[in-house]
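One letter stands for each residue in the lines below.
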Amino acid sequence: MTNTTQNTDLLPLLERIATALERLSPPAPAEDDLATADAFVWHAADGRLSPVKKVNRVDIQLLRGVQLQRDQLLENTSRFANGLPANNALLWGSRGAGKSSLVKAVHAAVNAENPGSLGLVEIHREDIPTLPVLLDRLRNTDRRWVLFCDDLSFDGEDAAYKSLKAVLEGGVEGRPDNVVFYATSNRRHLMARDMIDNERSTAINPSEAVEEKVSLSDRFGLWLGFHNCDQQTYFDMIAGYVEAYDLGISEEEWKPRAVEWTVTRGARSGRVAWQFIQELAGSLGKPLT
């Protein structure tokens, strides 16, 4: 049997093997159409950006008690959307104070001025190590992007913060000019206090070990602190919602109920005010639209 005959006999077998391998291999990911929406969620497992047709947010004018933070973040974001230098932003502080609501409201306000100019991509905390992949996806687009990570913090032996540090400022490529990173956290330094204290007590050089941990926050040029609101600010929040959604109830009627609501919740915040409004609207048979 000649070599030519042997090769001819092997061809059908090789074709069957190639066909089987093609069936087993995953299909190449489809390119995301980044013009289909203003907001997306990053799915790291399959490297996909899924569009969000309707973002869960409130109008920026309904955010009370955070006027200073609102103005600073809006100014930073507007400059960025207009192609000017802007800072990464860390919104830190008490729970339910409106940190993530402000990011989404500012994004909407900027796009209202210049439709489609600014995209918003939410990345989950556990997907931070895939940031370089996401940045490569966004780097060569014509649009400008806010990357948003809600409730960002690090615990224990979690080393993902090193990836974030490199991406924000310290890496060879660094952050693309068309991307800015906004994060919210209950912690100013993104690390648990016991995590920092443990580094101080066990490291050979305690000051250097702690510096390594807390220096992540320094990568954010804009720090915005959020704190518990007083009772009058809480009432102002509710009054704004009552008027905006035309609930048709007087202040004399809703105020005692609002006070009772804070007692049952044990706190006053923007989140508590919104939860009260949902309770109030539901009891009145009014939709929040």
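Scroll up a little and you will see the structure.
Because the structure is a prediction, the values reported are computed rather than measured.

### A closer look at the pattern of salt bridges
Turning to step 1, where the next piece is worked out: Inspection of every chain in the model, using the stated rule, returns 6 salt bridges.
Turning to step 2, where the next piece is worked out: We note a salt bridge from Glu 75 to Arg 79, for which the minimum N-O separation is 3.3 Å. Here the residue Glu 75 and the residue Arg 79 both occupy positions in helix 2 (residues 67–81), the gap between them amounting to 4 residues, near one helical turn.
Turning to step 3, where the next piece is worked out: Owing to a relative accessible area of 30%, Arg 79 belongs among the partly exposed residues under this scheme.
Turning to step 4, where the next piece is worked out: With its nearest N and O atoms 2.6 Å apart, the salt bridge here joins Glu 251 to Lys 255. With a gap of 4 residues between them, Glu 251 and Lys 255 both fall in helix 9 (residues 251–265), about one helical turn apart.
Turning to step 5, where the next piece is worked out: Judged by its relative accessible area of 39%, Glu 251 is partly exposed.
Turning to step 6, where the next piece is worked out: The class of Lys 255 is partly exposed, set by a relative accessible area of 25%.

### Looking at the packing of aromatic side chains
Turning to step 1, where the next piece is worked out: For the coordinates displayed, the defined rule picks out 8 aromatic pairs.
Turning to step 2, where the next piece is worked out: Between Tyr 241 and Tyr 245, the aromatic rings sit 6.4 Å apart at their centres with planes inclined by 25 degrees, giving stacked as the arrangement. For the pair Tyr 241 and Tyr 245, a shared accessibility class is recorded, and that class is buried.
Turning to step 3, where the next piece is worked out: Ring pairs connect the aromatic residues Tyr 234, Phe 235 and Trp 254, which therefore count as one cluster.
Turning to step 4, where the next piece is worked out: Over the ring of Phe 80 we find Arg 144, and its NZ or CZ is 4.4 Å from the ring centre.
Turning to step 5, where the next piece is worked out: Looking at Lys 255, its charged tip hangs above the ring of Phe 235, at a distance of 4.8 Å from the centre.

### Structural notes on helix 3 (residues 99–113)
An α-helix turns once every 3.6 residues. As a result, residues three or four positions apart point the same way.
Turning to step 1, where the next piece is worked out: For helix 3, spanning 15 residues, the distance from its first C-alpha to its last is 22 Å, which sits close to the expected 21 Å at 1.5 Å a residue.
Turning to step 2, where the next piece is worked out: Turning to helix 3, its buried residues number three or more, namely Lys 99, Ser 100, Leu 102, Val 103, Lys 104, Ala 105, Val 106, His 107, Val 110 and Asn 111.
Turning to step 3, where the next piece is worked out: Looking at the buried residues of helix 3, the elements they touch are helix 2, strand 3 (89–93), strand 4 (118–122), strand 5 (144–149), strand 6 (179–185) and strand 7 (222–226).

### Here we look at the nonpolar core
Turning to step 1, where the next piece is worked out: Judged by nonpolar contacts, the single largest core of 46 residues is most densely connected at Leu 73, Tyr 234 and Ile 238.
Turning to step 2, where the next piece is worked out: Filtering out sequence-adjacent residues up to four positions away, Leu 73 remains in contact with Ala 89, Leu 91, Leu 102, Val 103, Val 106, Tyr 182, Leu 222 and Leu 224.
Turning to step 3, where the next piece is worked out: Ala 37, Ile 128, Leu 135 and Leu 152 belong to the second-largest nonpolar core, a separate cluster that totals 27 residues.

### Quick word on helix 2
Turning to step 1, where the next piece is worked out: A rise of 1.5 Å per residue sets the reference length of helix 2, with its 15 residues, at 21 Å; its end C-alpha atoms lie 21 Å apart and thus fit the reference within 8%.
Turning to step 2, where the next piece is worked out: When we look at burial in helix 2, the residues that qualify are Gln 69, Arg 70, Leu 73, Asn 76, Thr 77, Phe 80 and Ala 81. In an axial view of helix 2, the angular spread of the buried residues amounts to 140 degrees, which keeps them on one side of the axis.
Turning to step 3, where the next piece is worked out: Next to the buried residues of helix 2 lie strand 3, helix 3, strand 4, strand 5, strand 6 and strand 7.
Turning to step 4, where the next piece is worked out: Residue Gly 83 follows helix 2 closely and has a positive phi angle near 85 degrees.

### Structural notes on the pairing of strand 2 (residues 48–51)
Turning to step 1, where the next piece is worked out: Of the strand pairs in this sheet, strand 1 (residues 39–43) and strand 2 are connected by 4 bridges, and their pairing is antiparallel. The residue of strand 2 that forms the bridge with Phe 40 is Pro 51.
Turning to step 2, where the next piece is worked out: The hairpin formed by strand 1 and strand 2 contains 4 residues between the paired strands, and Gly 47 there has a positive phi angle of roughly 60 degrees.

### So, the packing of helix 2 against helix 3
Turning to step 1, where the next piece is worked out: Relative orientation of the contacting elements helix 2 and helix 3 amounts to 45 degrees, with a least axis distance of 10 Å. When the axis of helix 2 is compared with that of helix 3, the two are oblique. As for the relative orientation of helix 2 and helix 3, their crossing is right-handed in sense. The segment helix 2 lies against helix 3, with Gln 69, Arg 70, Leu 73, Leu 74, Thr 77, Ser 78 and Ala 81 engaging Leu 102, Val 103, Val 106, Ala 109 and Val 110.
Turning to step 2, where the next piece is worked out: In the contact of helix 2 with helix 3, the residues fall into 8 nonpolar, 3 polar and 1 charged.

### Let's talk about the side chain of Thr 262
Turning to step 1, where the next piece is worked out: Assignment of secondary structure puts Thr 262 in helix 9.
Turning to step 2, where the next piece is worked out: Discounting residues that sit within four places of it in the chain, Thr 262 has contacts with Tyr 234, Ala 267 and Arg 268.

Reading the values: the criteria
Residues numbered from 1 in each chain as written. Predicted model: local features only at pLDDT ≥ 70, side-chain atom pairs only at ≥ 80, totals over all residues. Heavy atoms only, no water. Salt bridge = Lys/Arg side-chain N within 4 Å of Asp/Glu carboxyl O. Helix = DSSP H or I, 4+ residues; strand = E, 2+ residues; numbered from the N terminus. Buried < 20%, exposed > 50% of the residue type's maximum accessible area, 1.4 Å probe, protein only. Phe/Tyr/Trp six-rings, centres within 6.5 Å; stacked < 30°, edge-to-face > 60°. Lys NZ or Arg CZ within 6 Å of the ring centre and 35° of its normal. Expected span 1.5 Å × (residues − 1). Contact = heavy atoms within 4.5 Å. Core = buried A, V, L, I, M, F, W, Y, C linked by side-chain atoms within 4.5 Å. Arc of directions from axis to C-beta. Pairing = 2+ DSSP bridges. Axes fitted to C-alpha atoms, helices over the stretch in contact; angles between N-to-C directions. Parallel < 35°, antiparallel > 145°, perpendicular 65-115°, else oblique. Left-handed = near helix turned anticlockwise from the far one by under 90°. Nonpolar A, V, L, I, M, F, W, Y, C, P; charged D, E, K, R; others polar.

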